[in-house]
Amino acid sequence: MKSINDCVSNSSSCNYTCDACSYTCDVCGHTESGIDLCMSDVKMFSCAKCGRTIDETCAKVPDYDKEEFTEVLRDIRFEVPAKFCPFCNMKALADNNFISYVCIKFGITRESILDEIKKTFNTYDNFIKYLVESKSK
Ligand SMILES: [Zn+2]
Ligand SMILES: [Zn+2]
């Protein structure tokens, strides 16, 4: 396991160092933050193809690939080939892709949806209340 000090002193291998780093898994929303943290410290990485951030849990690497995955993480640390990416393998759907698809499929636009929301709920608070209440049903 790598320590934060290791990461800072060896920052050429760490793509992202900053005073307060924060990484969020684009699949589940899991967030890790801290000082001078790099992705490998929090077992997150990004896809070499789509650039999305994924944590180890969401990568769901099959057993036969585990060894290669561990090697890639050890050598490159923050970027993995697309074969390990849930988005590039259609195991997860990114929000922006989801929205684009639904809009095209149903012939709607962001503007028309916003208009409808405005007419229906009047205020942002009412709208969020509706979302929260509908979700818990
Ligand atoms: Zn995740
Ligand atoms: Zn990807």
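Residues numbered from 1 in each chain as written. Chains lettered and ligands numbered in written order. Predicted model: local features only at pLDDT ≥ 70, side-chain atom pairs only at ≥ 80, totals over all residues.

### Description of the overall build of the protein chain
What the protein chain contains, in helices and strands, is 6 helices and 5 strands. Residues counted as buried form 17% of the 137 residues belonging to the protein chain. The long-range share in the protein chain, meaning contacts at least 24 apart out of those at least 6 apart in sequence, stands at 56%. (Helix = DSSP H or I, 4+ residues; strand = E, 2+ residues; numbered from the N terminus. Buried ≥ 20, exposed ≤ 12 C-beta atoms within 10 Å, placed from the backbone. Contact = placed C-beta atoms within 7 Å.)

### Observations concerning the nonpolar core
If you look at the biggest cluster of nonpolar residues, it comprises 16 residues, and the most contacted ones within it are M39, M44, F45, C47, I54, V80 and C85. Sorting elements by how many residues they give to this core places strand 3 (residues 44–47) first, with 3 residues. Beyond its immediate chain neighbours, meaning those up to four positions away, C85 contacts C47, K49, C50, R52 and I54. (Core = buried A, V, L, I, M, F, W, Y, C linked by C-beta atoms within 7 Å.)

### Points about the environment of F121
Mapped onto the elements of the fold, F121 is located in helix 5 (residues 110–121). You can call F121 partly exposed: it has 15 C-beta atoms within 10 Å. Those residues in contact with F121 that sit more than four places away from it in its chain are N126, F127 and Y130.

### Some words on the sheet that holds strand 3
With mixed pairing, 3 strands are arranged side by side in an open sheet as 4-3-5. Among the strands making up the open sheet, the edge pair consists of strand 4 (53–55) and strand 5 (79–80). Relative to strand 4, strand 3 is paired through 3 bridges, and the arrangement is antiparallel. Directly across from M44, in strand 4, lies its bridge partner D55. (Pairing = 2+ DSSP bridges.)

### Overview of the pairing of strand 3
The antiparallel pairing of strand 3 with strand 4 creates a hairpin that spans 5 residues between the two strands, and G51 there sits at a positive phi of about 75 degrees. By the bridge criterion, 2 bridges tie strand 3 to strand 5 in an arrangement that is parallel. Paired with C47 across the two strands is V80, which belongs to strand 5.

### Notes on the pairing of strand 2 (residues 31–35)
Two strands pair when backbone bridges link them, and strand 1 (residues 20–24) and strand 2 are joined in this way by 5 bridges, in the antiparallel orientation. If you follow T24 over to strand 2, its bridge partner there is T31. Once strand 1 ends, the chain turns through 6 residues before running back antiparallel as strand 2, passing G29 with a positive phi of about 85 degrees.

### Some thoughts on unusual backbone geometry
Of note in the backbone geometry, M90 takes a positive phi value of approximately 55 degrees without being a glycine. With respect to the helices and strands, the residue M90 is situated in the loop between strand 5 and helix 4 (95–106). On the basis of neighbour count, M90 is assigned to the exposed category, with 8 C-beta atoms found within 10 Å. One non-glycine residue, N122, adopts positive backbone phi at about 70 degrees. With respect to the helices, strands and loops of the structure, N122 is situated in the loop between helix 5 and helix 6 (124–135).

### Some thoughts on the environment of A92
Tracing the sequence through the fold places A92 in the loop between strand 5 and helix 4. The exposure class of A92 is partly exposed, given the 18 C-beta atoms found within 10 Å. Residues A92 and C58 lie 34 residues apart in sequence; the distance between their C-alpha atoms is 9.2 Å. Dropping the residues within four chain positions of it, A92 is found in contact with V27, P86 and F87.

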